[in-house]
Amino acid sequence: MASSRLSRRSVLKTAVLGSAAVITRPYVSGVHAAGSLSLGVWDHWVPGANKALVKLCNEFGEKNKVEVHIDFITSQGEKDKLTAAAEAQAGTGHDIMSHRDWNIRIHQEQLEPLDDVVGGLIKKYGPISPVAEYLAKIKGTWRGVPTTVGSQVKPCCSRIDLYQQHAGIDVREMFPPDEAKWDKAKVEAWTWDAYVAAAQKLYKAGYPIGLPLGQSSDAVDWVGGLFNAYGVVMVDAKDNIKINSDETRQAMEIARKLVEVMPPDVFAWDDAGNNRWLISGKGSGIMNPPSAWAVAKRDNPKVAENCWTHPVPKGPKGRFVGQLPMFYGIWKFSKNKTAAKELLTYISQKEAVAQLVEASVGYDLPSFRSMYDLPTWKNVEPPPGTVYNYPPRGDEQTSITGAPARSEVGAQIYNQAINTVMISKFTQGKEKLDEVIKWAEKELEGTLRA
Amino acid sequence: MTDDGVPDRCGSARRSRETGTRADTGRQTRMADAVQSWNSAIGAPAAAVRRTGLHRLLRRRSTIAFVMCLPLILVIVGLIVYPALYSIHLSMLNKAQTRFIGLGNFRFLLSRDTFWMVVEQSAIFALSAVFFKAIIGLITAHLINNLPTKGQRKWRGMLLVPWVIPLALSSLAWWWLFDPTLSAFNWVLTGLGLRAIPWLSDPYWARFSVILVNVWYGAPFFLIMYLAALKSVPEQLYEAAAIDGANAWQRFVHITLPMMRNIIAITVLFSLIVTFANFDIVQILTGGGPRNMTHVFATYAFLLGIRSGDLPLGAATSLFMFPILAVAAIFILRGVRRRGREIG
């Protein structure tokens, strides 16, 4: 009888090849889901982006004999959150619901554990965004699957011509559309102080930058990035209020300098305010996903041709960009959980993600860094490479206001926009910094009730 | 009369036709006799007595009235009473809605500075808006009432437009006029060489703006109510006052106002309740900002309940004005009843 000798090396080789095959194979459904599935998903603002999701869901439905029904729900007026709240209270509704920012935390008790789905994706695609993990992994259990659709970061979007002409900065040269070609010294020098200096020059030239300071997510996110860059902790993970610190004073000083050189309307801007500012041609820079650029492409092409998306400035504690992921959750009352999980796995594969990113013209951002090499960000124009730096690259890290407090507390901090109110009290309200910090301490104390 | 003593117009008429017992009473009986017949069981046919209980129940006027009102009652119970009771229940739960905490949410709110700011702002918003709506409504109602009848309808129609347009839609139009970057008002002001006004970015101007829009929207309601009241004041009173030598102001103070007091009280009460509960205008124009300085109860409740995910605290916020408004309503309605009796 012939016998084959199994060496340690051959076992290892087979295992590695086998793992590689598992990881790289296209997604094939292992479970034959059936029945019907209803989805309540965020209504994308990019024309045609919803169609990509519909196509993927229909493909899944045909392969698995599942009837998929999708309702697109706008986030205008928080209708998506209202719907989710209503379904959670009523215990009936869609099988799968998309949840923005803190909503997974808010509805955690009514959401099905999804460790198998997210665990499988992490195994296949590597580390996931820490912000997504903070928001959706609760007490060690994933309650939501980070989606590509609607997830975003808010890096700088600057006018190439105005920065060059009035601030002497070539943003395209500093952050070319190839990470390997970045000039490390220049990138290192791109700090909040440098940003303030550029903003002052642009203001003098009559083209101020515009960062919102209202109480909407765009405002909260950029201020969150600034605070993190200076190491500001509002409430730590053990419920200690830490806002009264030198770090806070430093960050507030940067904010004060910026407010001096921004239009006074920033306190009233909603999430579209900075977009309008850039598109109007009066503004030289904002912090936003490529939506402003995309709208400019339609409404003011000359502005769009001069837009360049690039990383945010760095502070003493690092370079932090505000991230706002979106998730899909499966309600516990769903009658077809197996099919729901199958569908979420299907639309989270890299091939599917590539279609979603393409359809959104690069706006949608997956939560896996290993997917940041998709061609869309390199290809879309004008100008070529304009949104290459939209996914966090280099030393840019993602952050969310409210972290590292326990998420119930973080949700209150974020939604009550305590950080932006601090800045408006200090600058517009002309209150003393110590009084503002005292006010913030009291507000934060209130959030601990959660 | 039905078996339980409730007058039954249809039943008695039918009985009259069936038995003919009153056929010879002729036309002289008229209404008085007819009313008597409803209150009398004498002469009721034996067949009617034998009717089933259900049949009798269905023949009662109160039953018919109830059945006809039932759809409305169901709507009110389903969309007002149940949510109100559920909201009271919610406001007494902890954040996770797993434990009854009594008045804990209310106690917490009372300890927050921001909440007291919201109370103050809601009061400023509602009281000033209702005051200006009432004044503008009264003045315009008088102006229209004094117009020739031919032109009145046109003006009435035009002035009602703000009230007819859906509030969310008109608030969006106002937002465009106030837009921080591209304000149409500011475009005109700067075109005239004046300074632009920070309509929504300055907290005090933002307060003014939300009140202005509320007044614009609500004044036509006052106008139409006051106009109806003015039309109901008997002309003879004015004629008598004119004979006595009363001037226009005296006629207004001593005739018009007293005759309108009930309408004014009810309109103010109704508007006060609706204005305190306003959501659309503030949410669309300012979202409660800048610096939380335009939040009213409804927008703050939305922020806490829906955006921050603390439904019980949101419910407690929205219910905060309930007892105060209820007491105000009791006093105002009591006054209305008293004056009604005096007039009667």
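This structure is a prediction, so every number in the text was calculated from the model and none was measured.

Observations regarding the overall build of chain B
A count of helical and extended segments in chain B gives 17 helices and zero strands. Of all 344 residues assigned to chain B, the portion counted as buried reaches 31%.

Focus: the overall build of chain A
Assigned secondary structure in chain A consists of 21 helices and 14 strands. Taken over the C-alpha trace, chain A has a radius of gyration of 23 Å; the compact-globule value for 450 residues is 22 Å, and the two agree within 12%. A principal-axis box enclosing the C-alpha atoms of chain A has dimensions of 85 × 50 × 50 Å. Looking at the 450 residues of chain A, the share that counts as buried comes to 54%.

With respect to the interface of chain B and chain A
With 24 residues of chain B at the interface, the matching set in chain A holds 34 residues. Only helix H7 (113–145) and helix H15 (297–307) of chain B provide two or more residues apiece to the side of chain B that touches chain A. In terms of residue count, H15(B) provides more of the side of chain B that touches chain A than any other element does, three residues in total. Among the residues making up the side of chain B that touches chain A, the classes are represented as nine nonpolar, nine polar and six charged.

Concerning the environment of Lys242(A)
Residues and elements named next belong to chain A. Within the secondary structure layout, Lys-242 lies in the loop between helix H11 (217–229) and helix H12 (246–260). Residue class for Lys-242 comes out partly exposed when judged on the 16 C-beta atoms lying within 10 Å of it. Lys-242 sits 107 residues away from Leu-135 along the chain, and the two C-alpha atoms are 21 Å apart. Setting aside residues no more than four positions away along its own chain, Lys-242 makes contact with Val-233, Met-234, Val-235 and Asp-236.

Considering the pairing of strand S11 (residues 319–324) of chain A
Residue and element names in this part refer to chain A. The buried fraction of S11 amounts to six of the six residues, a majority that puts the element mostly inside the structure. The alternating pattern of S11 places Arg-319, Val-321 and Gln-323 on one face and Phe-320, Gly-322 and Leu-324 on the opposite face, and all of these are buried. As judged from the two bridges shared by strand S7 (residues 152–153) and S11, these two strands associate in the antiparallel manner. When the bridges of S11 are listed, Gln-152 appears paired with Leu-324.

As for the sheet that holds S11(A)
All names here are of chain A. Strand order in the open sheet made by the three strands is S7-S11-S13, with mixed pairing throughout. Strands with a single pairing partner mark the edges of an open sheet, and in this sheet they are S7 and strand S13 (396–399). Pairing analysis gives four bridges linking S11 to S13, with the strands arranged parallel. Bridging across to S13, Val-321 finds its partner in Thr-398. Of the strands in this sheet, S11 and S13 touch H11, which is tilted by about 150 degrees from S11.

With respect to helix H2 (residues 49–64) of chain A
Residue and element names in this part refer to chain A. Helix length check: H2, at 16 residues, gives a terminal C-alpha distance of 23 Å against a target of 22 Å (1.5 Å per residue), a fit within 8%. Among the residues of H2, those classed as buried are Ala-49, Ala-52, Leu-53, Leu-56, Cys-57, Phe-60 and Asn-64. The buried side chains of H2 occupy one side of the element, clustering within an arc of 130 degrees when seen end-on. Those residues of H2 that are exposed and angled more than 90 degrees off the buried face are Lys-51, Asn-58 and Glu-62. Tucked into the core, H2 has its buried residues touching strand S1 (35–42), strand S2 (66–73), helix H16 (337–347) and helix H17 (350–359). Immediately beyond the C-terminal end of H2, within one or two residues, lies Lys-65, with a positive phi of roughly 55 degrees.

Quick look at the domain arrangement of chain A
Residues and elements named next belong to chain A. Once the domains are mapped, chain A shows domain 1 (32–151 + 325–374) and domain 2 (155–323 + 394–447). With centres defined by C-alpha atoms, the gap from domain 1 to domain 2 works out at 28 Å. Taken together, the contacts link 14 residues of domain 1 with 14 residues of domain 2. Put simply, the parts of the chain that give the side of domain 1 that touches domain 2 at least two residues each are helix H4 (103–106) and helix H6 (130–136).

Structural notes on the environment of Val54(A)
As for its placement among the helices and strands, Val54(A) is situated in helix H2. C-alpha of Val54(A) to C-alpha of Lys184(A): the two residues are 130 residues apart in sequence and 42 Å apart in space.

A short note on the packing of H11(A) against helix H20 (residues 418–426) of chain A
If you want to describe how two helices pack, look at the angle between their axes and the distance between the axes. Residue and element names in this part refer to chain A. Running from N to C, H11 and H20 cross one another at 85 degrees; their axes reach a closest spacing of 8 Å. Considering the angle they form, H11 stands roughly perpendicular to H20. Where H11 abuts H20, its residues Ala-219, Val-220, Val-223, Gly-224 and Phe-227 lie against Asn-419, Thr-420 and Ile-423. Residues that form the contact of H11 with H20 fall into these classes: five nonpolar, three polar and no charged.

Section: the packing of H15(B) against helix H16 (residues 311–319) of chain B
Residues and elements named next belong to chain B. Between H15 and H16, the least distance of the axes is 7 Å, while the angle of their chain directions is 170 degrees. With respect to their mutual orientation, H15 and H16 come out roughly antiparallel. Contact with H15, carried on its side by Phe-297, Ala-298, Tyr-300, Ala-301, Phe-302, Leu-304, Gly-305 and Ile-306, involves Leu-311, Leu-313, Gly-314, Ala-315, Thr-317 and Ser-318 of H16 and no other residues of that element. Looking at the contact of H15 with H16 residue by residue, the class counts come to 10 nonpolar, four polar and no charged.

Observations concerning the sheet that holds strand S3 (residues 96–100) of chain A
Strand order in the open sheet formed by five strands is S2-S1-S3-S12-S6 (chain A), and the pairing between neighbours is mixed. Single-partner strands in this sheet number two, and they are S2 and strand S6 (145–146) of chain A.

Some words on the confidence of the model for chain A
The pLDDT averaged across chain A works out to 91; a share of 92% of its residues lies at or above 70. Confidence, read as mean pLDDT per element, is least for helix H1 (residues 8–24) of chain A in chain A (49) and greatest for helix H10 (residues 192–204) of chain A (98).

Comments concerning the nonpolar core
Across soluble globular proteins, nonpolar side chains have a tendency to be buried as a group. In this structure, Leu211(A), Leu226(A), Leu343(A), Tyr226(B), Leu285(B) and Phe297(B) are the most contacted members of the largest nonpolar core, which totals 188 residues. What Leu285(B) contacts, discounting residues up to four positions off in sequence, is Ser171(B), Trp174(B), Trp175(B), Phe178(B), Leu200(B), Ser209(B), Val210(B) and Val213(B).

With respect to unusual backbone geometry
Residues Pro382(A) and Pro383(A) are joined by a peptide bond in cis, for which omega reads -15 degrees. Among the secondary structure elements, Pro383(A) is positioned in the loop between helix H18 (376–379) and S13. Note the cis peptide between Gly289(B) and Pro290(B), where omega equals -10 degrees. By the secondary structure assignment, Pro290(B) is in the loop between helix H14 (280–285) and H15. Positive phi, normally seen in glycine, also occurs at Lys139(A), with a value near 50 degrees. Summarising the element assignment, Lys139(A) is placed in the loop between strand S4 (137–138) and strand S5 (141–142). You can call Lys139(A) exposed: it has 6 C-beta atoms within 10 Å. Phi is positive for Lys430(A), close to 55 degrees, though the residue is something other than glycine. In this structure, Lys430(A) sits in the loop between H20 and helix H21 (433–447). On the basis of neighbour counts, which here come to 7 C-beta atoms within 10 Å, the residue Lys430(A) falls in the exposed class.

Looking at the confidence of the model for chain B
When the pLDDT values of chain B are averaged, the result is 83; 85% of them are 70 or greater. Residue range residues 1–43 of chain B is modelled with pLDDT below 50. Its contacts to residues more than four positions away, or to other chains, number 38 contacts.

Considerations on the environment of Asn336(A)
Residues and elements named next belong to chain A. Along the chain, Asn-336 falls in the loop between strand S12 (326–330) and H16. Note: C-alpha distance between Asn-336 and Ser-36 (300 residues apart in sequence) is 7.3 Å. Beyond its immediate stretch of four places on either side in the chain, Asn-336 contacts Gly-35, Ser-36, Leu-37 and Asp-95.

Here is what the cut-offs are and how they apply
Residues numbered from 1 in each chain as written. Chains lettered and ligands numbered in written order. Predicted model: local features only at pLDDT ≥ 70, side-chain atom pairs only at ≥ 80, totals over all residues. Helix = DSSP H or I, 4+ residues; strand = E, 2+ residues; numbered from the N terminus. Buried ≥ 20, exposed ≤ 12 C-beta atoms within 10 Å, placed from the backbone. Rg over C-alpha atoms; globule rule 2.2 N^0.38 Å. Contact = placed C-beta atoms within 7 Å. Nonpolar A, V, L, I, M, F, W, Y, C, P; charged D, E, K, R; others polar. Pairing = 2+ DSSP bridges. Axes fitted to C-alpha atoms, helices over the stretch in contact; angles between N-to-C directions. Expected span 1.5 Å × (residues − 1). Arc of directions from axis to C-beta. Domains from an automatic or database assignment. Parallel < 35°, antiparallel > 145°, perpendicular 65-115°, else oblique. pLDDT = per-residue confidence, 0-100. Core = buried A, V, L, I, M, F, W, Y, C linked by C-beta atoms within 7 Å.

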